[in-house]
Amino acid sequence: MREILFRGKHKADGKWCEGNLNIDRQGVAIITPDNTPIGCYGQVDPETVGQYTGLTDKNGTKIFEGDIVKLRLLAAKMEWKGVCEYRNGAFGLAWQYAGERYCTFAGTCNAEYEVLGNIHDDPELMEDE
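Residues numbered from 1 in each chain as written. Predicted model: local features only at pLDDT ≥ 70, side-chain atom pairs only at ≥ 80, totals over all residues. Heavy atoms only, no water.

1. Regarding the pattern of salt bridges
With the rule as written, the count across this model stands at eleven salt bridges. Between Glu3 and Lys62 there is a salt bridge whose closest N-O contact spans 4.0 Å. Note that Glu3 is positioned in the segment before strand S1 (6-9) and Lys62 in strand S6 (residues 62-64), a separation of 59 residues in sequence. Taking relative accessible area as the criterion, Glu3 reaches 42% and is therefore assigned partly exposed. For Lys62, a relative accessible area of 28% translates into the label partly exposed. Residue Lys62 is joined to Glu18 by a salt bridge in which the shortest nitrogen-to-oxygen separation is 3.9 Å. Placement of Lys62 in strand S6 and of Glu18 in strand S2 (residues 16-23) is noted, with a sequence separation of 44 residues between them. A relative accessible area of 33% places Glu18 in the partly exposed class. By sharing partners, the salt bridges in this structure join Lys58, Lys70, Arg72, Glu79, Glu112 and Glu114 into a single network. (Salt bridge = Lys/Arg side-chain N within 4 Å of Asp/Glu carboxyl O. Helix = DSSP H or I, 4+ residues; strand = E, 2+ residues; numbered from the N terminus. Buried < 20%, exposed > 50% of the residue type's maximum accessible area, 1.4 Å probe, protein only.)

2. With respect to the sheet that holds strand S10 (residues 100-104)
Taking strand neighbours across the sheet as the criterion, the five strands line up as S10-S9-S8-S7-S11 in an open arrangement whose pairing is antiparallel. In this open sheet, the two edge strands, each paired with only one partner strand, are S10 and strand S11 (111-118). The mean angle between the axes of side-by-side strands here comes to 40°, regardless of whether they run parallel or antiparallel. In this sheet, strand S9 (residues 90-96) lies alongside strand S8 (residues 78-87) in antiparallel orientation, the contact comprising five bridges. Among the inter-strand pairings, Glu85 is bridged to a residue of S9, identified as Gly92. (Pairing = 2+ DSSP bridges. Axes fitted to C-alpha atoms, helices over the stretch in contact; angles between N-to-C directions.)

3. As for the pairing of S9
Side-chain direction in a regular strand flips from residue to residue, so the side chains alternate between the two faces of the sheet. With five of its seven residues buried, S9 lies for the most part within the structure. Two successive antiparallel strands, S8 and S9, enclose a turn made up of two residues, where Asn88 displays a positive phi of approximately 45°. Here five bridges tie S9 to S10, and the two strands are oriented antiparallel to one another. Within S10, the position partnered with Trp95 by the bridge is Arg101.

4. Here we look at the side chain of Asp57
Within the element layout of this structure, Asp57 appears in the loop between strand S5 (50-56) and S6. Buried and unpaired, Asp57 has Lys58 as its nearest opposite-charge partner, separated by 7.8 Å. At 2.8 Å, the side chain of Asp57 and the backbone nitrogen of Val115 are in polar contact. Discounting chain neighbours no more than four positions away, the residues touching Asp57 are Ile63, Tyr113, Glu114 and Val115. (Lys, Arg positive; Asp, Glu negative; His and termini not counted. Polar contact = N/O pair within 3.5 Å; in protein donor to acceptor, adjacent residues only side chain to side chain. Contact = heavy atoms within 4.5 Å.)

Below, the structure written as C-alpha cells:
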C-alpha cells in the first residue's frame, strides 16, 4: 500500500512540512505529524499543499505534486522537465512543448527522475520550457 503524505509551506516561517493534511470548514489547511487534528506544524498555505506520489527520484528524494522533475528516458537518451500533477487518477508530469503535454509516471518505462525544485520556490526553473 502507498504511503499517504502531504507537504505544505508553513505560513508562519515559510518552511516546508510533511504529514497529514487537515482542512477545516473555513478552508484553513493544517499539516500535522500524526493523526491528531491539532499538530505542532500549524497552518500552511493551501496553494502550496501537494500529495506525495509514492515515488522517489534517483537520489531518494520524495516526489510531491508541484515538484519540478527532470525525466530522463534511458533507452531513448532523451530528457525534459515537467511539473508533477495529479490528473485522471494518476500522478505524472506536465510540460509545454508545441502545446501542453502530460505523461503519467506509469507510462514511462526505463526512466530516471530527479527533483530539481518546486513551482512555489523555483518557478524560474520552468520558464525556459
